[in-house]
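# Architecture at a glance
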Amino acid sequence: MALINNLREYERLALFKLGRYVGMKGPGTVWVWPILQQSLRIDLREFEFESTSETYVTKDLRDVAIDFQGYARVVDAEKAATEVENYQGGCRAVAVDTMRQLIGDLDRDDIRPNDLQAQVQARLSEQAGRWDVEVRAVEIRRVR
């Protein structure tokens, strides 16, 4: 018995047959045979990732809490399905790690949100580019 998947215009289905990638399907109706095939639904719309109240330590050993929000979208659904387990979580993790590295190199008085935004977006675009995820924006909402 086959499973019927109705995919919207902004969705694609990565199809795997006996564990091997066989291609992308959609939009429209796609049949999946459960014993032979597995599928992974990829959303091509822009998604949001955020970090609220992450605390970072500056070079002068002071705590700084930064809230930020980012926007990205999948460009190539095949790479997003086969190159990374969770591209949304990956974007958030790379952004938090990048922010931690950047803040660790600065004194608390040297933190400039606009400079941080640009640097985080550039590094995140480079990392997420491996998965063909395009980073549209990174916005720092609050520095405490």
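Structure first, text after, so check above.
What comes next concerns the included structure. As the structure is a computational prediction, the values presented were derived from the model and not from experiment. (Residues numbered from 1 in each chain as written. Predicted model: local features only at pLDDT ≥ 70, side-chain atom pairs only at ≥ 80, totals over all residues. Heavy atoms only, no water.)

### A word on the side chain of Gln-69
Our working rule: Working definition: helices are DSSP H or I runs of at least four residues, strands are E runs of at least two. Numbering for both runs from the N terminus. Any residue under 20% of the maximum accessible area for its type is buried, any over 50% is exposed, and the rest in between are partly exposed; the area is computed with a 1.4 Å probe on protein chains only. For the purposes of these results, a polar contact is taken to be a pair of N or O atoms within 3.5 Å, where, inside protein, one atom must be able to donate a hydrogen and its partner to accept one; residues adjacent in sequence count only when each atom of the pair is a side-chain atom. Contact definition: two residues touch when any of their heavy atoms are within 4.5 Å.
Here Gln-69 lies in strand β7 (residues 63–74). A residue is classified by how much of its surface remains accessible, and Gln-69, at 13% relative accessible area, is buried. In terms of polar contacts, Gln-69 uses its side chain to reach the side chain of Glu-48, at 3.0 Å. When residues no more than four places from it in sequence are discounted, the contact partners of Gln-69 are Glu-48, Phe-49, Glu-50, Ala-137, Val-138, Glu-139 and Arg-141.

### Thoughts on helix α3 (residues 113–128)
Quick reminder: α-helices carry 3.6 residues per turn. Residues three or four places apart thus point the same way. The condition that has to hold: Multiplying 1.5 Å by the residue count of a helix minus one yields the expected span of that helix. Working definition: the arc comes from the directions between the helix axis and the C-beta atoms, pointing outward to the latter.
Between its first and last C-alpha, α3 extends 22 Å over 16 residues, near the 22 Å set by a 1.5 Å rise per residue. Residues Leu-116, Gln-117, Val-120, Leu-124 and Ala-128 constitute the buried set of α3. Seen from one end, α3 has its buried residues packed into an arc of 100°, which puts them on one side. Opposite its buried face, α3 presents the exposed residues Asn-114 and Glu-126, each directed more than 90 degrees away. Looking at the buried side of α3, the elements it contacts are β6 (47–57), β7, α2 (87–104) and β8 (133–143).

### Focus on a nonpolar patch on the surface
The condition that has to hold: Exposure above 30% relative accessible area and the lack of any salt bridge qualify a residue for a patch; like charges then connect within 9 Å, and the nonpolar side chains Val, Leu, Ile, Met, Phe, Trp and Tyr within 5 Å. Using the Shrake-Rupley algorithm and a 1.4 Å probe, accessible areas are obtained, with residue cover drawn only from the displayed protein chains. By salt bridge we mean one thing: a side-chain nitrogen of Lys or Arg within 4 Å of a carboxyl oxygen of Asp or Glu.
A contiguous nonpolar patch, built from Ile-4, Leu-18, Trp-31, Trp-33, Ile-35 and Leu-36 and spanning about 720 Å² of accessible area, is present on the exposed surface. In this fold, Leu-36 is placed in the loop between β4 (28–32) and β5 (37–43). Accessibility expressed as a relative area gives 40% for Leu-36, which makes it partly exposed.

### Side note on the pattern of salt bridges
As enumerated under the stated definition, the model contains 11 salt bridges in all. With its nearest N and O atoms 3.1 Å apart, the salt bridge here joins Glu-50 to Arg-141. Taken as a pair, Glu-50 in strand β6 and Arg-141 in strand β8 lie far apart in primary sequence, 91 residues in all. For Arg-141, a relative accessible area of 42% corresponds to the partly exposed category.

### Quick notes on unusual backbone geometry
Following Gly-26, the chain continues into Pro-27 via a peptide bond in cis, with omega recorded as -5°. Assignment of secondary structure puts Pro-27 in the loop between β3 (20–25) and β4. Look at Leu-61: it is not a glycine, yet its phi comes out positive at around 60°. Looking at the secondary structure, you find Leu-61 in the loop between β6 and β7. Residue class for Leu-61 comes out exposed when judged on its relative accessible area of 70%. Residue Asp-132 is not a glycine yet carries a positive backbone phi of 55°. Turning to its location among the elements, Asp-132 is positioned in the loop between α3 and β8. For Asp-132, a relative accessible area of 23% puts it in the partly exposed group.

Just geometry here; none of it tells us what the structure is for.
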